[in-house]
Structures are given as C-alpha cells and as structure tokens.
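Observations on the three-dimensional arrangement
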Amino acid sequence: GEPWLWFYEDFLARYDPEARKEAGVYYTPTDVVKSQVRLVAHVLSEVFKKPLTYGDPGVVTLDPAAGSGTYPLAVLD
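Everything quoted here is computed from the prediction, not taken from an experiment. (Residues numbered from 1 in each chain as written. Predicted model: local features only at pLDDT ≥ 70, side-chain atom pairs only at ≥ 80, totals over all residues. Heavy atoms only, no water.)

If you walk through the whole model with that rule in mind, you get one salt bridge. One salt bridge in this structure joins lysine 50 and aspartate 56, with 3.7 Å as the shortest N-O distance. Take lysine 50: its relative accessible area is 25%, and that puts it in the partly exposed class. Classification of aspartate 56 by relative accessible area gives buried; the value is 15%. (Salt bridge = Lys/Arg side-chain N within 4 Å of Asp/Glu carboxyl O. Buried < 20%, exposed > 50% of the residue type's maximum accessible area, 1.4 Å probe, protein only.)

Pasting the structure below:
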C-alpha cells in the first residue's frame, strides 16, 4: 500500500505512545474505509436520491480527523 498512510501512527507509536493514545491516533485500514465510503454512496444514491452521490452539489464531505486523508482520498477514488 501507501507507506505514508502508516507513517503518522507508526511514528507516534514509537516516539510518544502516550500522546498517540490521548489523541486517538489510529489508522483505519483502507479496506474498511473503502467499504464505509461505498455504503454511504449507496445511501446517498438510494435513500436520499442523490445520483451523483458525493459529487452532488447538496452533499458536503467532511473529515474532522483527516490525519492521513484516507477518507477524502477514498471519496475521490
């Protein structure tokens, strides 16, 4: 995969494990992210009738814990 996706979590795990724990810095596996993004796209399309899903002008995508940006990247994919 993408080594940079693991850097922040692995770095803090070794450099300052207490800060990692307090900040909740944990990597979400890419397969989990992709599944969640597909599920939300399905709900947007089928339940909310947004055929463009994330591309619909009425849909705003937020990632308040962006970290490595795995979720926004999955939405773009």
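A few words now on the nonpolar core. The biggest cluster of nonpolar side chains holds seven residues, and these are Val33, Val37, Ala41, Leu44, Tyr54, Val59 and Ala74. A per-element tally of this core places helix H3 (residues 30–46) first, with four residues. Those residues in contact with leucine 44, other than ones at most four positions away along the chain, are Lys49, Lys50, Thr53, Tyr54 and Val59. (Core = buried A, V, L, I, M, F, W, Y, C linked by side-chain atoms within 4.5 Å. Helix = DSSP H or I, 4+ residues; strand = E, 2+ residues; numbered from the N terminus. Contact = heavy atoms within 4.5 Å.)

Here the protein chain averages 84 in pLDDT, and 86% of its residues register 70 or above. Here helix H1 (residues 3–15) stands out as the element of the protein chain with the lowest mean pLDDT, 68, in contrast to H3, whose mean of 95 is the highest. (pLDDT = per-residue confidence, 0-100.)

When glycine is set aside, most residues are seen to have a negative phi, and most peptide bonds are trans. If you check the backbone angles, lysine 49 has positive phi at about 55 degrees while not being a glycine. Residue classification places lysine 49 among the exposed positions, given a relative accessible area of 60%. Even without being glycine, threonine 53 reaches a positive phi, approximately 45 degrees. Along the chain, threonine 53 turns up in the loop between H3 and helix H4 (70–76). On the basis of relative accessible area, threonine 53 is assigned to the buried category, the value being 17%.

Looking now at the environment of glycine 55. Here glycine 55 is to be found in the loop between H3 and H4. What makes glycine 55 exposed here is its relative accessible area of 53%.

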